[in-house]
Amino acid sequence: QVQLVESGGGLVQPGGSLRLSCRTSGVRFGIKDMAWYRQAPGKQRELFVRISYTGSRQYVDYVQGRFTASRDFAGNTIDLKMSNLKPDATAVYYCYALLRNSDVDYWGQGTQVTVSS
């Protein structure tokens, strides 16, 4: 059974930094795409950043260089480094993985990020 587990969320003051991590288990044939989605209060879940199996990155436009995603292809993990955080970054951040061969996708349970003074 494939599982994704996020960690690293929490409460941070504006201007602060956080690093989210997503660890996988139960993956047998590799992962095609990994991504971070986020869901802000009262809004729909949206793609934040995706890293494909080729290493190409797709960021949502408003990230503006303050957020950097990295993927460990051997370990099937993905991290998200967030800096200079603003209150509008407050959301639940979800890890996503699309498996090779089967094209079945999986989600983590989400980790809460709250940016507030």
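Our structure's up above, just so we're on the same page.
Just so it is clear, the structure is predicted and the values come from calculations on it, not from any experiment. (Residues numbered from 1 in each chain as written. Predicted model: local features only at pLDDT ≥ 70, side-chain atom pairs only at ≥ 80, totals over all residues. Heavy atoms only, no water.)

Caption draft 1: Spatial organisation of the pairing of strand S1 (residues 3-7). Only one face of S1 is covered, namely the one carrying Leu4 and Glu6; the face carrying Gln3, Val5 and Ser7 has none of its residues buried. Here S1 pairs with strand S3 (residues 18-25) via 5 bridges, running antiparallel. Residue pairing for S3: serine 7 is matched across the bridge by serine 21. (Buried < 20%, exposed > 50% of the residue type's maximum accessible area, 1.4 Å probe, protein only. Helix = DSSP H or I, 4+ residues; strand = E, 2+ residues; numbered from the N terminus. Pairing = 2+ DSSP bridges.)

Caption draft 2: The arrangement of the state of the cysteines in detail. For the structure on display, the rule yields 1 disulfide. Covalent S-S linkage joins cysteine 22 and cysteine 95, the inter-sulfur distance amounting to 2.0 Å. Here the S-S torsion is close to -85 degrees, and the disulfide linking cysteine 22 with cysteine 95 is therefore left-handed. Of this pair, cysteine 22 sits in strand S3 while cysteine 95 is found in strand S9 (residues 91-99), placing the two residues 73 residues apart along the sequence. For cysteine 95, a relative accessible area of 0% gives the class buried. (Disulfide = S-S within 2.5 Å.)

Caption draft 3: Fine view of the sheet that holds S1. What the 4 strands build is an open sheet, ordered S1-S3-S8-S7; its pairing is antiparallel. Because the sheet does not close on itself, it has two edges, and the strands there are S1 and strand S7 (67-72). Each strand axis lies, on average, 15 degrees off the axis of its neighbour in the sheet, ignoring direction. (Axes fitted to C-alpha atoms, helices over the stretch in contact; angles between N-to-C directions.)

Caption draft 4: Highlighting the pattern of salt bridges. Tallying each qualifying case throughout the model produces 5 salt bridges. A salt bridge links aspartate 79 to arginine 19, with the nearest nitrogen and oxygen atoms 3.5 Å apart. Placement of the pair is aspartate 79 in strand S8 (residues 77-82) and arginine 19 in strand S3, with a sequence separation of 60 residues. Given the relative accessible area of 12%, aspartate 79 is considered buried. (Salt bridge = Lys/Arg side-chain N within 4 Å of Asp/Glu carboxyl O.)

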